[in-house]
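Descriptive analysis of the structure
One letter stands for each residue in the lines below.
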Amino acid sequence: MLNDAQLNRYARQILLDEVGEDGQERLRVARVLVVGAGGLGVPVASYLAAAGVGTVGIADSDRIAISNLPRQIAYAQSELGDAKTERLRVRLRANNPDAIVVEHPRLAPDNVHDIVAQYDLVADGCDNFPTRYLVNAACVQARKPLVSGALSRFTGQLAAFVPGGACYQCVFPEMPDRAPAQGCVDGGILGPMAGLVGCWQALEVLKQLLESPGRLDGELMIFDGLAYRHRRIRFDRSPGCVTCSDAVRGEPHGADSLLRSIA
């Protein structure tokens, strides 16, 4: 149960009918894995820990570079070369000492199952497609909800994939080439775009944990930061999906085959 200090810390959230004390307690015992400690992962992990999510895992092998600092504002110039997971853990705990922050400096086909199994939900904000498909396959096998965020120049994407529904590979069947699907490194990004989409992603994770109305289950939201326009697109499971279709679910040539192929 929430103690007096926690009731005071989260008082403004508890006032919301959609949260209340029961919802705050639900957040306290929740476990969320954040994949990527970059432009999306920083705001996602920061707001989840600050909101009272009890355990936040951070999976990333990168070290802080000077080109990260305009959008990954949890890091300081004095920390260049440090592991992102370590510095972000320190920052989250400084804001909320109650938060349990677990570092996962390596996420690969041989350990992704064990890592994902430890959490209730996965928030993917990584910057490469092999990891996106790897995490999706692991979530399908473990029947874990996946909230996926992505950035490209002035465009942001956010989607929620829940057990029994469509998975990431239903919507994006083939792993795209890097060139036409530019990320921050190739296409560039303005810091506020990462912060904006990351905050939306954190909000969606909290709504999933609280089972709030208006969640993005089975929907892809696309935001155009230049025109300030956004749209929501519904999607369904693909009968031929190599990861989650009924024909391959639980079969060795399904999601497990994808995990082996990325290894």
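Anyway, here's the lowdown on the structure attached to this text. (Residues numbered from 1 in each chain as written. Predicted model: local features only at pLDDT ≥ 70, side-chain atom pairs only at ≥ 80, totals over all residues. Heavy atoms only, no water.)

**With respect to the packing of helix α4 (residues 41–51) against helix α10 (residues 191–210)**
- Packing of α4 against α10 leaves a shortest axis separation of 8 Å and a crossing angle of 40 degrees. Taken together, the axes of α4 and α10 lie oblique to each other. α4 and α10 meet at a crossing whose hand is right-handed. Residues Pro 43, Val 44, Tyr 47, Leu 48 and Ala 51 of α4 form the contact with α10, whose own contacting residues are Ala 194, Gly 195, Gly 198, Cys 199, Gln 201, Ala 202, Val 205 and Leu 206.
- Residues of the contact of α4 with α10, tallied by class, amount to 10 nonpolar, three polar and no charged. (Axes fitted to C-alpha atoms, helices over the stretch in contact; angles between N-to-C directions. Helix = DSSP H or I, 4+ residues; strand = E, 2+ residues; numbered from the N terminus. Parallel < 35°, antiparallel > 145°, perpendicular 65-115°, else oblique. Left-handed = near helix turned anticlockwise from the far one by under 90°. Contact = heavy atoms within 4.5 Å. Nonpolar A, V, L, I, M, F, W, Y, C, P; charged D, E, K, R; others polar.)

**Observations concerning the packing of aromatic side chains**
- Per the stated rule, a full pass over the model turns up five aromatic pairs.
- Their ring planes at 40 degrees and their centres at 4.9 Å tell us that Tyr 168 and Phe 172 sit as a pair that is tilted.
- Overall, Tyr 168 belongs to the buried group, its relative accessible area being 7%.
- Members of the aromatic cluster, joined through ring pairs, are Tyr 133, Phe 161, Tyr 168, Phe 172 and Phe 235. (Phe/Tyr/Trp six-rings, centres within 6.5 Å; stacked < 30°, edge-to-face > 60°. Buried < 20%, exposed > 50% of the residue type's maximum accessible area, 1.4 Å probe, protein only.)

**Re unusual backbone geometry**
- Look at Arg 143: it is not a glycine, yet its phi comes out positive at around 55 degrees.
- Its place among the elements puts Arg 143 in the loop between α7 (129–142) and β5 (146–152).
- What makes Arg 143 partly exposed here is its relative accessible area of 48%.
- Despite not being glycine, Tyr 228 shows a phi value in the positive range, around 55 degrees.

**Digging into the state of the cysteines**
- Scanning all chains against the criterion turns up zero disulfides.
- Residue Cys 126 stays outside any disulfide, its sulfur separated by 11 Å from that of Cys 139, the closest cysteine. (Disulfide = S-S within 2.5 Å.)

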